[in-house]
Amino acid sequence: MLHRDAKFRSGRQVLPAKIGAEGIAMVGSLRRDEDGASAVEYGLLVAGIGAVIALIVFVLGGAVRDQLDSVQACVASADGSACPGEG
């Protein structure tokens, strides 16, 4: 958003005097605006947590299913013969 008369000297851009206080204020506000960066950081954090949860479910899913099947069989048996340590 620089004026077309901006000059370059030794690799650095020299701002024209026409940019004014409004332009400087706008550049300052853009430097302080970190809402987009924060949203991206939170999105990455949520994605990372989701990946960890999915990995845990994948790794422990079979063991949890087996335990729940055992509990179901124990509850379903009227005399407790299917319960571990019973019968």
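Predicted model, so just to flag it, every value in this text is computed and none were measured. (Residues numbered from 1 in each chain as written. Predicted model: local features only at pLDDT ≥ 70, side-chain atom pairs only at ≥ 80, totals over all residues. Heavy atoms only, no water.)

Draft legend 1. A look at the overall build of the protein chain. The secondary structure content of the protein chain amounts to 2 helices and 2 strands. Start at the N end of the protein chain and walk to the C end: the helices and strands fall as β-β-α-α. The buried share of the protein chain, taken over its 87 residues, is 8%. Of the roughly 7700 Å² of accessible surface on the protein chain, a fraction of 63% belongs to carbon and sulfur atoms. (Helix = DSSP H or I, 4+ residues; strand = E, 2+ residues; numbered from the N terminus. Buried < 20%, exposed > 50% of the residue type's maximum accessible area, 1.4 Å probe, protein only. Areas by Shrake-Rupley, 256 points an atom, 1.4 Å probe, with all protein chains shown as cover.)

Draft legend 2. Geometry of the state of the cysteines. Applying the stated criterion across every chain yields a total of 1 disulfide. Disulfide pairing is shown between C74 and C83; the S-S distance is 1.6 Å. Sign of the S-S torsion, about 85° for the bond between C74 and C83, identifies this disulfide as right-handed. Taking relative accessible area as the criterion, C83 reaches 12% and is therefore assigned buried. (Disulfide = S-S within 2.5 Å.)

Draft legend 3. Quick peek at a nonpolar patch on the surface. A cluster of nonpolar side chains, namely V52, L55, I56, F58, V59, L60, V64 and L68, defines an oily patch on the protein surface of about 830 Å² accessible area. Examined against the element boundaries, L68 turns out to sit in helix 2 (residues 35-76). Taking relative accessible area as the criterion, L68 reaches 55% and is therefore assigned exposed. (Patch = residues over 30% accessible without salt bridge, like charges linked within 9 Å, V, L, I, M, F, W, Y side chains within 5 Å. Salt bridge = Lys/Arg side-chain N within 4 Å of Asp/Glu carboxyl O.)

Draft legend 4. Geometry of the confidence of the model for the protein chain. Here the protein chain shows a mean pLDDT of 76. Residues at 70 or above account for 59%. The secondary-structure element of the protein chain with the lowest mean pLDDT is strand 1 (residues 7-9), recorded at 51, while helix 2 shows the highest, at 90. (pLDDT = per-residue confidence, 0-100.)

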